[in-house]
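Chain by chain, the residues:
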Number of protein chains: 2
Amino acid sequence: MKGLTLDEHAAPGVVRLALDLPAPARPAGEALVRVRLAGICDTDLQLAKGYMGYRGVLGHEFVGEVLACDSASWRGKRVVADINAGCGDCDDCRSSDGHHCEKRTVLGIVARSGALAEQLAVPERCLVELPDSVSDEQAVFAEPLAAALHVGHGTALGVHSRVAVLGDGKLGLLVVISLAALGVQPILIGRHTEKMRLVAALCRQTLLEPGLADGDVQACDVVIECTGNAEGIRRAIGLTKPRGMLVLKTTVAGATSVDLSPVVVNEIQILGSRCGNMREAVAALAGGLDPTVLIAARYPLRQGEQAFAHAATRGTLKVLVDPLAG
Amino acid sequence: MKGLTLDEHAAPGVVRLALDLPAPARPAGEALVRVRLAGICDTDLQLAKGYMGYRGVLGHEFVGEVLACDSASWRGKRVVADINAGCGDCDDCRSSDGHHCEKRTVLGIVARSGALAEQLAVPERCLVELPDSVSDEQAVFAEPLAAALHVGHGTALGVHSRVAVLGDGKLGLLVVISLAALGVQPILIGRHTEKMRLVAALCRQTLLEPGLADGDVQACDVVIECTGNAEGIRRAIGLTKPRGMLVLKTTVAGATSVDLSPVVVNEIQILGSRCGNMREAVAALAGGLDPTVLIAARYPLRQGEQAFAHAATRGTLKVLVDPLAG
């Protein structure tokens, strides 16, 4: 089968379309899934640059249909899946969601072949069924949407909260869309007028960053950092009210130079936030949440390398890859 | 009167004993307090190096007696005081403790003359009366003890929590003593066997840092960072369990280079924690908590410059300054 891979010999940032991959093995308890549509995420771009040292088929955003599995009830179902495959046996797997299982594999990120391919294997317990009302184009957003909705967990977000989202990339815009679903109208701070326009109706205010001084924005109860750069983290700390909360949604690979003294002086709470609950995302999609405005382009899998290069172009929103189109 | 001051012309790190300061003015609503005993804190050492740009009489740890005030009930009382003097009128002052009032002055730190002197003025609403059972030597620890006890606020500390304290300086040891009062036996990680020995009986374990590898310590539910250096913050992040909490108790002046990606990947919560509740500290002292084991030396105020130099010597615990001894 075809698949978009990172191999040992690849130059940093370069992926290769393999044409002759073996079909995935299906261990007991796992489902073989035919990919209907997959998305390229900024994490994929970082993985291609060497983050996590991953090698193999990329991709963790997908919608597919079950070709084979142990439980007859799943066969033929249209599904998305939690990308974290925990061991099922540790404290975290038993008492929580396995997202912090020390033995977990993660789809297309840690020791598990990803979704930018014709087929993949996923543990049955990770599968979430899609209702017919949710299109493939919506469903392919389920994973990043779950991560975006996850900002509502552990934070004191209320309809009266003053909330800022930093960054108008894919994740920042998806967080704005998610906040709207939670009844919160954020201030969005970004660098691209045309991207902010896509979600402006959901925002209390959109502010263009170059030229924005710290004093121009009133401090916020909750600040959600989605820029993934050191400057964003610095601004986010400055923008958080005393005893307010700063949610870090994006990883900045490597060391960042930050002045942490305002965190202590202002008694700010910083919350690292990663993956969310896929059922919650599917329920939100079924309830009418529509992230498809974020689609920038769609390529057949055979043009996967071009798709990846397009996604890596600065400022590009969601690039989809369609294995069914060949 | 005599007072230990930072003046415009002082070289970095150098304080001067002024012999001819005017007695403090006493605005309406404030109490004139004679200092019985004062302590030197690491923040004082940092202020002397230029932190916050403070100029004037240093000192914010003290016990004293009220010489004059508007309310007759306070006269002659032995007191400690909240060092944060809020405006009394803003949201933070009305609904909380004024510790984040934007107009606050802070004793010996922000626009308010400090306690390393014979007398000082303090708002009456900041005063906390001392019971006779609490000695001056205990009471002079009330302010840092309040800050140490403050780690119990907003954190999920339980008797079964696995807790680590990083740093065996004054604050680290005081945090260990405070945790004991909360029923928690922490792991203490420090660099000085003789200092850790002072509180070893309160610890589950003490670990000497040079040579300690990250893998040598099992991850903790709560990690309390009291080293005030970048290496401590790095270790603290690595030592915090997924979905655990890291409490930052000390400010690291200036930018620190930190890899924040584990905060996101492990969904760690970082809580900045500053001043505490003075009533809580006095109640703990009255209940038998005894931090006097941390006293390293006691100087008369007339030897204040020597006291400061001693406190600035690496590894020194609490240095007290006694204005009554002249």
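Computed from a predicted model, the values in this text were never measured in an experiment. All residue numbers refer to position in the chain's written sequence, counted from 1. Labels are handed out in written order, letters beginning with A for the chains and numbers beginning with 1 for the ligands. Owing to the predicted nature of the model, reporting of local features is limited to residues with pLDDT of at least 70; listing and counting of side-chain atom pairs is limited to 80 or more, with chain, interface and lining totals taken over all residues. Only hydrogens and water are set aside when side-chain values are computed; all heavy atoms of the structure are taken into account.

## Some remarks on the interface of chain B and chain A
Next up, step 1: By definition in these notes, contact holds between two residues if any of their heavy atoms fall within 4.5 Å. Opposite the 38 residues of chain B that make contact, chain A presents 38 residues.
Next up, step 2: In short, buried area is how much 1.4 Å probe accessible area vanishes from two parts on joining, totalled over both. For the pair chain B and chain A, the summed buried area comes to about 2900 Å², and 56% of that belongs to carbon and sulfur atoms.
Next up, step 3: The salt bridge definition used is simple: a Lys or Arg side-chain nitrogen within 4 Å of an Asp or Glu carboxyl oxygen. At the boundary of chain B and chain A, one finds two salt bridges.
Next up, step 4: Note that R243 of chain B is salt-bridged to D97 of chain A, the shortest N-O span being 3.1 Å.
Next up, step 5: As used in this structure description, the phrase polar contact means that two N or O atoms lie within 3.5 Å; if the pair is within protein, one of them must be able to donate a hydrogen and the other to accept it, and residues adjacent in sequence are counted only when both atoms belong to side chains. Here chain B is connected to chain A by 17 residue pairs in polar contact (both at pLDDT 80 or more).
Next up, step 6: Numbering of helices and strands runs from the N terminus, with a helix taken as a DSSP run of H or I at least four residues long and a strand as a DSSP run of E at least two residues long. Counting only elements with at least two residues in the side of chain B that touches chain A, the list comes to strand 15 (240-248), strand 16 (256-258), helix 8 (261-265) and strand 17 (269-272) of chain B.

## Observations concerning the sheet that holds strand 4 (residues 56-57) of chain A
Residues and elements named next belong to chain A.
Next up, step 1: Think of it this way: DSSP has to see at least two bridges between two strands before they count as a pair. Taken together, three strands build an open sheet; the order of strands is 2-1-4 and the sheet is antiparallel. Two strands bound the open sheet, and with one partner strand each, they are strand 2 (16-18) and strand 4.
Next up, step 2: Pairing geometry for strand 1 (residues 3-6) and strand 2, over three bridges, is antiparallel. Bridged to L4 within strand 2 is L17.

## So, the pairing of strand 6 (residues 78-81) of chain B
Residue and element names in this part refer to chain B.
Next up, step 1: For each residue, the accessible area found with a 1.4 Å probe, counting protein chains only, is set against the maximum for its type, and the residue is called buried under 20%, exposed over 50%, and partly exposed in between. Of the two faces of strand 6, the one holding R78 and V80 and the one holding V79 and A81 are both buried throughout.
Next up, step 2: Pairing of strand 5 (residues 61-68) with strand 6, which is carried by two bridges, proceeds in the antiparallel orientation. Residue E65 lies in a different strand from strand 6, and its bridge partner there is R78.
Next up, step 3: Here strand 6 runs beside strand 10 (residues 127-129); their pairing, made up of three bridges, is antiparallel. Residue pairing across strands places V79 opposite E129, the latter belonging to strand 10.

## Quick look at the environment of L120 of chain B
Residues and elements named next belong to chain B.
Next up, step 1: Here L120 lies in strand 9 (residues 119-123).
Next up, step 2: Residue L120 is classed as buried on the basis of its relative accessible area of 1%.
Next up, step 3: Taking C-alpha positions, L120 is 9.9 Å from E30, a pair spaced 90 residues apart along the chain.
Next up, step 4: Every residue in contact with L120, bar those within four places of it in the chain, is listed here: P24, A31, L32, V33, V35, F62, L107, S113, G114 and A115.

## Here we look at the relation of the copies chain B and chain A
Next up, step 1: When the copies are superposed, the least-squares fit takes in the C-alpha atoms of residues with a pLDDT of at least 70 in both. Laying chain B over chain A is done by rotating through 180° and shifting 0.0 Å along the axis; what remains is an RMSD of 0.0 Å. Both copies of the chain, as the preceding transformation shows, are related through a two-fold rotation axis. The position closest to the rotation axis in chain B is occupied by the C-alpha of S257 of chain B, lying 2.1 Å away.

## A few points about the side chain of T250 of chain B
Next up, step 1: Looking at where T250 of chain B falls in the secondary structure, it is placed in the loop between strand 15 and strand 16.
Next up, step 2: Engagement of the side chain of T250 of chain B in a polar contact is seen with the side chain of E225 of chain B, the distance being 3.2 Å.
Next up, step 3: In terms of polar contacts, T250 of chain B uses its side chain to reach the backbone amide nitrogen of G228 of chain B, at 3.0 Å.
Next up, step 4: In this structure, T250 of chain B is in contact with V264 of chain A together with L171, E225, C226, T227 and G228 of chain B, ignoring residues within four places of it in sequence.

## Digging into the side chain of T105 of chain B
Residues and elements named next belong to chain B.
Next up, step 1: On the secondary structure map, T105 appears in strand 8 (residues 105-106).
Next up, step 2: On the accessibility criterion, T105 (18% relative accessible area) is buried.
Next up, step 3: Here R112 takes part through its side chain, which lies 2.9 Å from a polar atom of the side chain of T105.

## Some thoughts on the pattern of salt bridges
Next up, step 1: Within the structure shown, the criterion is met by 38 salt bridges over all chains.
Next up, step 2: Residue R36 of chain A pairs with E65 of chain A through a salt bridge whose shortest N-O separation is 2.9 Å. Taken together, the positions of R36 of chain A in strand 3 (residues 30-40) and E65 of chain A in strand 5 (residues 61-68) put the pair 29 residues apart, joining distant regions of the chain.
Next up, step 3: Judged by relative accessible area, which is 23%, R36 of chain A ranks as partly exposed.
Next up, step 4: The partner of E209 of chain B in a salt bridge is R235 of chain B, with the nearest N and O atoms 2.7 Å apart. Taken as a pair, E209 of chain B in the loop between strand 13 (205-208) and strand 14 (220-225) and R235 of chain B in helix 7 (residues 230-239) lie far apart in primary sequence, 26 residues in all. Both residues of the pair, E209 of chain B and R235 of chain B, belong to the buried class.
Next up, step 5: Here the salt bridges do not stand alone but share partners, grouping R34, R36, E65, R78 and D136 of chain A into one network.

## Considerations on the confidence of the model for chain A
Next up, step 1: Residue-level confidence of the predictor, termed pLDDT, takes values from 0 up to 100. Within chain A, residue pLDDT values average 94, and 100% of them lie at 70 or more.
Next up, step 2: Both confidence scores are given for the complex: pTM 0.93, ipTM 0.92.

## Observations regarding the state of the cysteines
Next up, step 1: Note that a disulfide, as used here, is simply two cysteine sulfur atoms within 2.5 Å. Tallying each qualifying case throughout the model produces zero disulfides over all chains.
Next up, step 2: In this structure C126 of chain A is not part of a disulfide, and its nearest cysteine sulfur, from C93 of chain A, lies 9.1 Å away.
Next up, step 3: Note on C69 of chain B: no disulfide assigned, nearest cysteine sulfur contributed by C126 of chain B at a separation of 13 Å.

## Section: the environment of H160 of chain A
Next up, step 1: Here H160 of chain A shows up in the loop between helix 4 (142-149) and strand 11 (163-166).
Next up, step 2: Residues H160 of chain A and A230 of chain A, spaced 70 residues apart in sequence, show a C-alpha to C-alpha distance of 29 Å.

## Thoughts on the environment of S71 of chain A
Residues and elements named next belong to chain A.
Next up, step 1: Here S71 is to be found in the loop between strand 5 and strand 6 (78-81).
Next up, step 2: For S71, a relative accessible area of 28% corresponds to the partly exposed category.
Next up, step 3: For the pair S71 and K103, spaced 32 residues apart in sequence, the C-alpha to C-alpha distance is 24 Å.
Next up, step 4: Side-chain polar atoms of S71 contact the side chain of E124, separated by 2.4 Å.

## Brief notes about the sheet that holds strand 4 (residues 56-57) of chain B
All names here are of chain B.
Next up, step 1: Pairing is antiparallel across the open sheet formed by three strands, whose spatial order is 2-1-4. Across the chains shown, the open sheet's two edge strands, defined by having one partner strand only, are strand 2 (16-18) and strand 4.
Next up, step 2: Here strand 1 (residues 3-6) pairs with strand 4 via two bridges, running antiparallel. Bridge pairing links L6 to G56 in strand 4.

## Some words on helix 9 (residues 278-286) of chain B
Residues and elements named next belong to chain B.
Next up, step 1: Along helix 9, the residues classified as buried are M278, A281, V282, A284 and L285. In a view along the axis of helix 9, the buried residues occupy a sector of 160°, so they form one face of it.
Next up, step 2: Looking at the buried positions of helix 9, the neighbouring elements they touch are strand 6, strand 10, helix 3 (136-139) and helix 4 (142-149).
Next up, step 3: Structurally, the start of helix 9 carries an N-cap: the backbone nitrogen of R279 is 2.8 Å from a side-chain oxygen of N277.
Next up, step 4: In the stretch just after helix 9, G288 is the one whose phi turns positive, near 115°. The directions considered for the arc are those from the helix axis to the C-beta atoms.

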